[in-house]
Amino acid sequence: MLHLPILRFGQPYRSLDVASVPDFRTRQPFVTVSQANGGLVRRDLLPQQQARMKAALDAIPVAELVARTKRAAEIFAHDTLPVGEEAQTPDDYVRQLSATTGLPHVMVRRNLEKIRGVMSNVDIVLAGLTRGLPMDILDTGAGEISGHAMGFVSRGDALGVVLPSNSPGVHALWAPTLALKTALVLKPGSAEPWSPYRMIQAFIKAGMPPEAFGYYPTDHASANEILRRCGRGMVFGDVSSTKRWAKDPRVEVHGPGYSKVVLGPDQADDWERYLDVMASSIAENSGRSCVNASGVWVTKHGRAIAEALGARLARVVPRAPEDPEADLAPFADPKVAERISAMVDQGLREPGAEDVTQKHRGKQRVAHFDGGTYLLPTIVHCDSSEHPLANREFLFPFASVVEVPAESMPEILGPTLAVALISDDEGFRRRFFASHDVHRLNLGPVPTQRVAWDQPHEGNLFEHLWARRALQRATA
Amino acid sequence: MSTTTTPDLQAAATVARTRLDAHVREIVQWHFDPATGSDFWLDWAQRAGWDPRAEVKTYDDLVRFGNFQDEWLRGGPVRKWVPKGYTGKPVSLFETGGSTGVPKARINIDDFRIDYANFSTTLPDEFFPKGADWMHIGPSGPRRLRLAIEHLAQHRGGICFMVDLDPRWVIKLIKWGEMEMVEKYKKHVIDQALVLMKAHPNIQCLFTTPKLLEALCERASLKQLGIKGVFCGGTEMTPQFHRFAKEELMEGAYFAPTYGNTLMGLATHRPTGADEDYAIVYYPPCPRAMIEVVDRDQTDKVVDYGATGRVRLTTLTKEFFMPRFLERDEAERERPCALYPWDGVRNVRPFSGFATTVVEGVY
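Residues numbered from 1 in each chain as written. Chains lettered and ligands numbered in written order. Predicted model: local features only at pLDDT ≥ 70, side-chain atom pairs only at ≥ 80, totals over all residues. Heavy atoms only, no water.

*Asks:* I tried to follow the pairing of strand E5 (residues 29–34) of chain A on my own but got confused; where do I start?
*Replies:* For a regular strand, side-chain orientation follows a simple rule: the groups alternate between the two sheet faces. Residue and element names in this part refer to chain A. Summarising the sheet, strand E1 (residues 3–4) and E5 pair through 2 bridges and their orientation is parallel. If you follow Leu 4 over to E5, its bridge partner there is Val 33. As consecutive antiparallel partners, strand E4 (residues 18–22) and E5 are separated by 6 residues, and within that stretch Arg 27 has a phi angle of approximately 65°, a positive value. (Pairing = 2+ DSSP bridges. Helix = DSSP H or I, 4+ residues; strand = E, 2+ residues; numbered from the N terminus.)

Written out as structure tokens, the structure reads:
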């Protein structure tokens, strides 16, 4: 059977402790993955080891690291690369990732392209992240811009990343790390070990030093050790699994986004024009990203919008993973689907909310198709912003439509990762610009999940990895 | 090591079994004789309405007792366990880890000395030199290790340095989510050990738990500390840890994993390596204690060799009689070997059949 080893400083290590990851349809073991014991992780992440990892990158100028990242982009997308002791073509990668996560091939390819895009445009991404800083400053830690001395210091030798299984697109977030002269220590999601492994292989083939990489499939406790030990960290997960890190400035937390489409009062009567943006924000990538909308907040016509979205999204049905039309992903673990559906039902038992999709789809929310378990898109109309379902996020195309007074926004939205703000009302817009709770603003009918990579959201990788240093030179 | 049953091994197994049966008769006589037995077992026999002295002739006859209930060991009066034959002797009380509720307690007089003196014969002198001093880093307090490791050191002509770790406090910290405090506590423990190990060059032997061994080796080299032999136990150990310890931590020192507890005594490992995937194979100190692997649902049935089941312990000493106690562990049943011609266990780990998990292996 296919086996994915641990990578210690880029070198494969086969553990005696292995986890078996099943095919989502047959539930039969599909791949085994070496599991790192806690002591091994901690030993590899001793400060002197992290320094060694970083030293390998420090020896290479940023410009060259950027060039190698760009090369790695094409290798990742097009080359046959090692996967354990076997070879993996890009098609194998798509098929394998789909087998353990259920993600339709078309979505895997889309995410592959997203990752390739970020790696391929890493210079543009870095320009966005650094606001145009000449990158060679990072080679020496000091330079001059417009006559001003400028110093930067690395905040940590390695970035430890605890990754999710829900969508490979998230890997685009850490992809520029190496170009920023920071080593990578990755803990892959249990059902999606593929992308980080393949990305590392692509980086190594492109000339990145193998010793700059750690790949440690492991348990929850050792994943926390990665975050604790690495100079900087990044963690993906729900509130309960990430709350421990919420107050640790070394760790960037990527939890639920509670992203929303907001229709301003000036556009309220034209709501039908924006149904596509709303539907796409909710359902693209099967609703699995934190930038997918989980709410549509409007000032008028809430019921009608909910009904129209419900009718539109009821057309989204399970299809075979190989189907190019597939736009809904199943759950690798059927119990998770049942549990999420039960949570929605529990919310619906509170008066004031209705699942408007149900009458259109005429089926249960949980659907079984070709061995997979799916949650069908669900639009809930809420009478009030106080309803328990008004501001919830789930791992499938789910959104609440909530009607609130224009003057209550954006405060009433609460923390929101991405807002698609459809309004030409300057006053209304200004309030969103002033909000601390709104992280990313897509102005106009731009879906929430449409992300320009030079516009970082939920933290800026450069600022996470590098700090400005006060620098003063003796005058001649 | 061969796992086939040769005629020699079969003969050795028969001898061992005969010795076990004789030992069972001796122990049952002692515990159920009104002049020497404990109040607990004498009361038990009276309520049961049969005389074990008359009816128990072999190890297999212990089935008559059913399974020993761990609740019997929780709470007092603890003197009910002291055999009348030992009246007036100094009694020690040892408790189990206490990861669930009231800890189980077992009285001890000389058993820990006998167990550890017997165990001492299994340690290679090259790596655990006679006269070398020992470092104990791990739980002491009410646990048997407190006295047992010191006795082992003394038995081998050494002196034992001790650094304590309170596992119950660690469990609380974990339950509270105070992981930073766990790390600080671990560091505090290792700091103390390093001070002693650097100051006393005759410390050549180490007893510690798997997690503390890892923590120690993150801070120092065993070789540079002068450690030649490591005796490791107290919590669960996986084959992967075993391999990791041998390949990356030992630096030439001998690694002796052990499985034991307050109730049973101390099992001895059979050395394994890459050819057996670093399996951790233990044999009980027959006839003083036995370990069997039984079907998780039909606990009267011992599983086949190589099959997985729940660990069942039986302790047969004059101080303590504990027939057929179902442990919170599972393992594979291991064949007898030349050195230990009776059943052993392979890869002991927490029993997966419980509905709730217990905080385990934290120290």
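Picking up after the structure, the text goes on.
*Asks:* So what exactly am I meant to see when it comes to the domain arrangement of chain A here?
*Replies:* The figure often quoted for interface size is the accessible area lost as the parts come together. All names here are of chain A. One can read the domain layout of chain A as domain 1 (3–256 + 459–469) and domain 2 (259–443). For domain 1 and domain 2, the distance between their C-alpha centroids amounts to 30 Å. On the domain 2 side, the residues contacting the 18 residues of domain 1 number 23 residues. Sorting the residues of domain 1 by area buried against domain 2 places Phe 24, Arg 25 and Met 107 first, and these three jointly supply 31% of that buried surface. Across the domain 1-domain 2 interface, the total number found is 2 salt bridges. Linking Arg 25 and Glu 322 is a salt bridge whose minimum nitrogen-to-oxygen distance equals 3.2 Å. (Domains from an automatic or database assignment. Contact = heavy atoms within 4.5 Å. Buried area = accessible area lost by both parts, 1.4 Å probe. Salt bridge = Lys/Arg side-chain N within 4 Å of Asp/Glu carboxyl O.)

*Asks:* Got a minute to help me understand the nonpolar core in this structure?
*Replies:* Within soluble globular proteins, side chains that are nonpolar generally end up buried alongside one another. Within the largest apolar cluster, 166 residues are counted, with the highest numbers of intra-cluster contacts made by A:Trp174, B:Leu206 and B:Leu213. The element best represented in this core is helix H3 (residues 62–78) of chain A, accounting for 8 residues. If sequence neighbours within four positions are ignored, B:Leu213 has contacts with B:Leu206, B:Thr208, B:Leu222, B:Val230, B:Cys232, B:Phe241, B:Ala245, B:Leu249, B:Met250 and B:Phe255. Membership of the second largest hydrophobic core comes to 29 residues, among which are A:Val261, A:Val298, A:Ile305 and A:Leu309. (Core = buried A, V, L, I, M, F, W, Y, C linked by side-chain atoms within 4.5 Å. Buried < 20%, exposed > 50% of the residue type's maximum accessible area, 1.4 Å probe, protein only.)

*Asks:* Sorry if this is basic, but what is going on with unusual backbone geometry here?
*Replies:* With glycine set apart, most residues show a phi of negative sign, and most peptide bonds adopt trans. Note the cis peptide between A:Met409 and A:Pro410, where omega equals 5°. In this structure, A:Pro410 sits in the loop between strand E21 (398–403) and strand E22 (416–422). Residue B:Gly76 is joined to B:Pro77 through a cis peptide bond whose omega torsion reads -5°. A positive phi angle is found at B:Arg324, which is not glycine, with a value near 60°. With a relative accessible area of 7%, B:Arg324 lands in the buried category.

*Asks:* Mind showing me how you'd approach the environment of A:Arg319 here?
*Replies:* By the element assignment, A:Arg319 lies in the loop between helix H13 (302–313) and helix H14 (334–348). When the C-alpha atoms of A:Arg319 and A:Arg473 are compared, they prove to be 65 Å apart, with 154 residues separating the residues in sequence.

*Asks:* In this structure, what is going on with the packing of helix H12 (residues 275–283) of chain A against H13(A)? I would like to understand it.
*Replies:* Between two packed helices, both the angle of their axes relative to each other and the distance between the axes serve to describe the pair. All names here are of chain A. In contact at an axis separation of 10 Å, H12 and H13 are set at 60° when each is read in the N-to-C sense. With respect to H13, the element H12 is oriented oblique. The crossing of H12 and H13 is right-handed. Where H12 abuts H13, its residues Leu 275, Asp 276, Met 278, Ala 279, Ile 282 and Ala 283 lie against Ile 305, Ala 308, Leu 309, Arg 312 and Leu 313. (Axes fitted to C-alpha atoms, helices over the stretch in contact; angles between N-to-C directions. Parallel < 35°, antiparallel > 145°, perpendicular 65-115°, else oblique. Left-handed = near helix turned anticlockwise from the far one by under 90°.)

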